[in-house]
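# Topology and contacts: notes
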Amino acid sequence: MDQADQVPEGAIAVVGMSGRFPGAPGLAAYWANLRDGVCSLADFDAPAHEVGSKGLLADADRFEAGLFGFNATEAAALDPQHRLLLETAWAALEDAGYDPLRAPARTGVYVGGSPTEHMLAAATDRALAARIGATQVRILTDREFLAPWISYRLGLDGPSMNVQTACSTSLTAVHLAAQALLLGECDTALAGGVSVDSVRRAGYVHVEGGIFSPDGRCRPFDEKAAGTVPGSGVGVVVLRRLEDALADGDPVRAVVRGSAVTNDGSAKVGFTAPGVDGQTAAITEAWAAAGLDPARAQYLEAHGTGTELGDRIELAAAGAAFADARGRGAGIGLGSVKSNIGHLDAAAGIAAFVKTVLMLEHGTLAPTVNVTAPHPALASSPFRLVTRAAPWPRPADRPGRLAGVTSVGIGGTNVHVVLEEAPRLPAVAGDGGGPVVLPLSARTEEQLRALCGALADVLRAPDAPSPAAVAHTLWTGRTPLPVRTYVVAAGAAEAAEKLAAGVRDAHPLGEAWLAGGEVVPPPAPRGVRRVNLPGYPFAGERHGALSLVPEAAPAAAPGPETAREAGPEAGAEGGAEAGTEAGVAAGVAAVLREALGLDAADGAGGLDRTYFEAGGDSLTAVHLVGRMRDEFGVDVPIDLFLEQLTLGAMVERIVALRAGDGELDALLDAFEAEESGA
């Protein structure tokens with residue numbers, strides 16, 4: 001595909017991507033590791049009965065809660081998978097050149113996740129439920145709410161669906177998102193998955209004949225393949241119909257030409273076993289949907305768990321689907337990213353998908369690692385195991401590289417996606433040549449410096465985008481944040497130098513940007529498209545995670561002690577001040593601080609903001625109404641939380657309400673006494 005106006009029917013563009021994988025905090029590091037054949041599985045000490053290896057995800061408990069409107073208490077309760085998926089969705093939209101808080105209308109979300117230790121521990125944490133409410137605990141921790149949180153916090157109004165097909169979850173999400181785009185259910189879609197079973201360095205138990213490797217290494221399609229290794233990761237892609245992406249100036253990274261999902265049904269030896277026919281059908285149906293001959297594929301990114309049974313069945317299934325390629329050239333390249341990062345469960349498919357897009361972009365086949373010798377069955381198959389990085393030339397009989405990606409889930413859900421390299425678009429003749437203003441912003445000075453440095457690195461590269469394209473992307477594809485700067489430059493090298501040195505020339509548009517508020521940027525020169533640029537440098541605090549291991553479990557929601565003794569039933573242990581207005585006020589303030597994660601050491605004790613400015617929401621308000629009634633004997637109207645008054649003023653109102661209730665009770669008691677004596 002070398003002409004933008006020759007758009008294949010049903011083609012879906014991959015316009016943005018973001019991911020965090022073992023050994024790789026971002027896609028640049030991910031690609032470098034894949035290209036260089038790095039095994040990112042970590043080894044660590046573990047109990048004698050465990051194998052101390054895993055695909056660990058660094059900083060899995062960090063989260064920039066304030067960017068998404070969560071208070072500290074909510075952020076600590078929020079499952080790490082939710083935190084990571086929110087940040088990755090934000091970054092993927094930025095990579096596509098869209099402001100995450102002003103994404104295109106009718107943007108859908110299709111994601112899934114794995115069960116987590118945090119979620120399971122939260123379900124039985126009575127103290128956490130008492131602090132924020134049992135319903136809030138479920139909403140903040142259950143994977144059922146992964147997609148809705150993204151839609152809610154980013155303001156996305158398309159379909160919002162959780163996808164669960166076990167190990168094939170995230171690639172199934174890509175298939176469903178593509179189908180929704182083709183059916184017109186949405187115009188842009190986020191798709192992907194996350195898996196963080198635990199943020200701890202936890203090993204696994206190897207059982208002879210089981211799925212886990214005995215030595216902490218995964219060797220897909222190797223003669224010594226003996227099992228997989230668990231891992232954690234997250235990935236999200238942004239999809240649009242190709243014709244829309246080209247018309248709207250999106251940066252197209254690759255094209256989904258077709259996809260299909262099948263299930264093995266009962267045609268296999270057991271529920272957890274894979275099936276040959278179902279996998280073969282998924283592949284052949286996907287290539288049929290693409291209108292392409294499977295024999296034209298140059299590469300297959302396999303599910304490749306490295307288990308003896310799984311690899312044998314997958315080779316048989318894929319061999320049947322790609323049989324016509326046998327004898328053509330050197331064969332179809334074969335690989336599995338699980339050798340590098342382990343098996344990411346619900347995120348396994350998106351890790352493989354992103355790897356394949358990166359290979360298409362760079363024209364390079366990345367190696368499968370830990371290989372001792374290819375499996376003997378490969379000799380009679382259409383495949384050759386890729387064991388070293390190699391150029392991926394464009395085929396002579398068609399304009400673009402083609403690859404397939406397969407994912408298989410326990411229970412029998414098979415999915416296959418056909419990927420083609422992005423169309424080669426004509427170069428822009430000129431972008432004006434004059435100086436442009438490059439606006440940048442973040443939440444802190446440190447993050448702003450990091451962003452400037454990352455952009456400077458991109459602009460120093462030989463294939464640096466034009467300043468006009470960079471300016472267009474920054475003006476239209478980033479959320480304006482409070483800490484700001486800008487540079488004025490006519491060339492990439494000049495822009496990089498000024499970004500690195502912190503040089504800022506005076507410019508009316510730039511000064512208006514610094515002053516805050518909305519700025520109307522100049523229109524982009526004709527033909528200039530958005531480009532993939534470094535995204536927001538997240539720098540959140542560690543919020544920990546609940547653990548099923550008692551000695552390793554941090555406090556889920558740190559906060560001051562609640563003043564239960566200040567309630568109407570307070571006894572001697574409540575202290576002399578418990579029943580006074582001052583004691584009640586202190587107790588109410590403590591409950592508010594705890595529920596909202598406020599620090600009593602902050603100015604005005606953290607109570608100088610309104611309820612919603614402090615990160616409150618309607619569900620927490622309902623919970624607080626119940627606590628005020630149970631702990632202080634006062635019925636607080638829910639409307640009080642909607643009023644534009646500070647939390648300090650709210651405390652005063654609640655204390656006054658309690659005093660008023662006491663006066664009413666005294667009057668009723670007197671009335672009843674008079675009636676009984678009459």
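Everything in this summary refers to the structure shown in the same document. (Residues numbered from 1 in each chain as written. Predicted model: local features only at pLDDT ≥ 70, side-chain atom pairs only at ≥ 80, totals over all residues. Heavy atoms only, no water.)

## Focus on the side chain of Arg484
Selection criterion: A run of DSSP states H or I qualifies as a helix once it reaches four residues; a run of E qualifies as a strand once it reaches two. Both are numbered from the N-terminal end. Throughout, exposure labels follow a simple rule: accessible area from a 1.4 Å probe, protein chains only, divided by the maximum for the residue type, with under 20% read as buried, over 50% as exposed, and the rest as partly exposed. Polar contact is defined as a pair of N or O atoms within 3.5 Å, subject to the rule that within protein one atom must be able to donate a hydrogen and the other to accept it, and that residues adjacent in sequence are counted only when both atoms are side-chain atoms.
Among the structural elements, Arg484 can be located in strand β18 (residues 483-489). On the basis of relative accessible area, Arg484 is assigned to the buried category, the value being 15%. A polar atom in the side chain of Arg484 sits 2.8 Å from the backbone oxygen of Leu481. At 2.9 Å, the side chain of Arg484 and the backbone oxygen of Trp513 are in polar contact.

## Let's talk about the packing of helix α10 (residues 276-290) against helix α11 (residues 308-321)
What counts here: Axis definition: a line fitted to C-alpha atoms, over the contacting stretch in the case of helices. Angles run 0 to 180 degrees between N-to-C directions. An angle below 35 degrees is read as roughly parallel, one above 145 as roughly antiparallel, one from 65 to 115 as roughly perpendicular, and any other as oblique. Whether a crossing is left-handed or right-handed is set by the direction in which the near helix is turned from the far one by less than a right angle, anticlockwise for left-handed and clockwise for right-handed. We call two residues contacting when some pair of their heavy atoms lies within 4.5 Å. Lys, Arg, Asp and Glu make up the charged group, whereas Ala, Val, Leu, Ile, Met, Phe, Trp, Tyr, Cys and Pro make up the nonpolar group; the residues left over, Gly among them, are polar.
It is at 8 Å that the axes of α10 and α11 come closest, and there the two elements cross at 40°. With respect to their mutual orientation, α10 and α11 come out oblique. Relative to α11, α10 is oriented so that their crossing is right-handed. Across the interface between the two elements, Val276, Gln279, Thr280, Ile283 and Thr284 from α10 touch Ile313, Glu314, Ala316, Ala317, Ala318, Ala320 and Ala321 from α11. Split into classes, the residues belonging to the contact of α10 with α11 amount to eight nonpolar, three polar and one charged.

## Description of the pairing of strand β5 (residues 107-113)
For clarity, the cut-off: In this description, strands pair whenever DSSP reports at least two bridges between them.
By the criterion of burial, β5 is predominantly enclosed, with seven of the seven residues buried. On β5, burial covers both faces: Thr107, Val109, Val111 and Gly113 on one face and Gly108, Tyr110 and Gly112 on the other are all buried. Where β5 lies against strand β7 (residues 188-195), seven bridges are found, and the strand directions are parallel. If you follow Gly112 over to β7, its bridge partner there is Gly193. Bridge count between β5 and strand β6 (residues 160-162): three bridges; the pairing is parallel. Across the sheet, residue Val109 finds its bridge partner in β6, namely Ser160.

## Side note on the side chain of Thr305
Within the secondary structure layout, Thr305 lies in the loop between β10 (299-301) and α11. Relative accessible area serves as the criterion here: at 11%, Thr305 is assigned to the buried category. Looking at Thr305, its side chain comes within polar contact range of the side chain of Thr307, at 2.9 Å. Excluding residues that lie within four positions of it along the chain, Thr305 makes contacts with Cys218, Gly227, Thr228, Gly310, Asp311, Lys338 and His343.

## A few points about the layout of surface pockets
Which parts of space are left empty comes out when a probe the size of a water molecule is rolled across the atoms. Threshold: For each structure, a 1 Å grid was placed over the protein atoms alone; sets of points admitting a 1.4 Å probe that cannot get out are labelled cavities, open sets with protein on both sides within 12 Å along at least five of seven lines are labelled pockets, and lining residues have an atom within 4 Å of a point. Grid points are joined across faces, edges and corners, and a volume is the space filled by probe spheres set on the points.
The computed volume of the second largest pocket comes to approximately 1,000 Å³. Lining the second largest pocket are 49 residues, with Ile211, Phe212, Thr228, His343 and Ile410 positioned closest to its centre. Broken down by element, the residue count for the lining of the second largest pocket peaks at four residues, all from α11.

## Here's the deal with the environment of Tyr611
When you line up the elements, Tyr611 lands in the loop between α18 (581-596) and α19 (618-632). Classification of Tyr611 by relative accessible area gives buried; the value is 1%. For Tyr611, the residues in contact, after removing those within four places along its chain, are Leu596, Gly616, Asp617, Thr620, Ala621, Leu624, Phe641, Leu645, Leu647 and Met650. Polar side-chain contacts of Tyr611 include one of 2.7 Å to the backbone oxygen of Asp617.

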